[in-house]
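What the coordinates show
Here's the letter readout for the chains.
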Amino acid sequence: MAEQRVERERRGPGRPRQEHVTAAVLDAVVALVAESGMGALTMDAVAARAGVSKPAMYRRWPTKQDLVIAAVESRIGSLSVPDMGDFRAELRAVLTARMEAYRQPGIARLLAGVIGTAAEADAEPAAYRAYTARVMSETRHLLERGVARGEVRPDVDPGDAATLVAASLVFRMIAEQRLPDAALVDSMVDMIGRAVATRP
């Protein structure tokens with residue numbers, strides 16, 4: 001215990017070193033991609049920008065895919081929507097939170113990069129599937145909650161519906177090259193809400 005106390009005192013105030021390295025590296029990834037695109041994203045460039053060693057990076061993120069996924073999740077994390085007693089209100093909360101996150105500088109390029117790295121020959125499909133499952137987990141949760149309340153049809157597949165919710169914003173941003181906005185959120189809440197509702 002005394003040795004641990006001495007070590008904490010030696011480090012001084014502030015975040016532990018591990019947290020500092022993680023934040024510096026993920027910030028560097030986002031900045032590099034925002035400024036120059038995925039082509040500029042190499043382990044060497046990230047290490048230089050973050051001021052950390054490559055071994056320190058590889059210990060945390062063994063592959064470029066791991067690094068890009070971690071960077072995206074540092075900006076677009078998991079959601080937790082409280083029970084509002086209304087499926088459409090909860091759906092609006094999810095879509096609005098995602099829309100606001102996607103409008104951050106550099107996020108469009110970063111999301112495109114996540115999809116791109118998943119398609120590379122040495123990519124790990126399970127890592128990408130785990131990432132998308134985390135991103136869509138709250139949408140599936142609120143759909144299941146809607147079924148339990150009798151608002152969402154019980155024959156609606158939560159996974160398929162969650163894909164529809166997520167795809168609406170991502171396709172607008174990546175494929176159509178337009179930032180998602182409040183008008184798109186309104187439209188999706190209306191269309192998806194009517195598609196899954198037990199009543200019109």
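Here, the structure is the one placed above.
Residues numbered from 1 in each chain as written. Predicted model: local features only at pLDDT ≥ 70, side-chain atom pairs only at ≥ 80, totals over all residues. Heavy atoms only, no water.

Secondary structure summary: the protein contains 10 helices and 0 strands in total. Along the first, second and third principal axes, the C-alpha set of the protein runs to 65 × 45 × 30 Å. The buried share of the protein, taken over its 200 residues, is 38%. A separation of at least 24 residues holds for 68% of the contacts in the protein among residues at least 6 apart in sequence. Carbon and sulfur atoms make up 54% of the accessible area of the protein, which totals about 10,800 Å². Both charge centroids of the protein, one from 27 positive and one from 26 negative side chains, sit 4 Å from each other. (Helix = DSSP H or I, 4+ residues; strand = E, 2+ residues; numbered from the N terminus. Buried < 20%, exposed > 50% of the residue type's maximum accessible area, 1.4 Å probe, protein only. Contact = heavy atoms within 4.5 Å. Areas by Shrake-Rupley, 256 points an atom, 1.4 Å probe, with all protein chains shown as cover. Lys, Arg positive; Asp, Glu negative; His and termini not counted. Charge placed at Lys NZ, Arg CZ, Asp CG, Glu CD.)

What follows concerns the environment of Tyr131. Position of Tyr131 relative to the elements: it lies in helix H8 (residues 125-149). On the basis of relative accessibility, which here comes to 7%, the residue Tyr131 falls in the buried class. For Tyr131 and Ala70, which are 61 residues apart along the polypeptide, the C-alpha to C-alpha distance reads 9.1 Å. The contacts of Tyr131, once residues within four sequence positions are left out, are Ile69, Val72, Glu73, Leu111 and Val114.

The subject of this paragraph is the packing of helix H6 (residues 87-102) against H8. Between H6 and H8, whose axes approach to 10 Å, the crossing angle comes to 170°. Considered as vectors, H6 and H8 are oriented roughly antiparallel to each other. Taking contact as the criterion, the partners of Phe87, Glu90, Leu91, Val94 and Arg98 in H6 are, on H8, Val135, Thr139, Leu142, Leu143, Arg145 and Arg149. For the contact of H6 with H8, the per-class residue count stands at 6 nonpolar, 1 polar and 4 charged. (Axes fitted to C-alpha atoms, helices over the stretch in contact; angles between N-to-C directions. Parallel < 35°, antiparallel > 145°, perpendicular 65-115°, else oblique. Nonpolar A, V, L, I, M, F, W, Y, C, P; charged D, E, K, R; others polar.)

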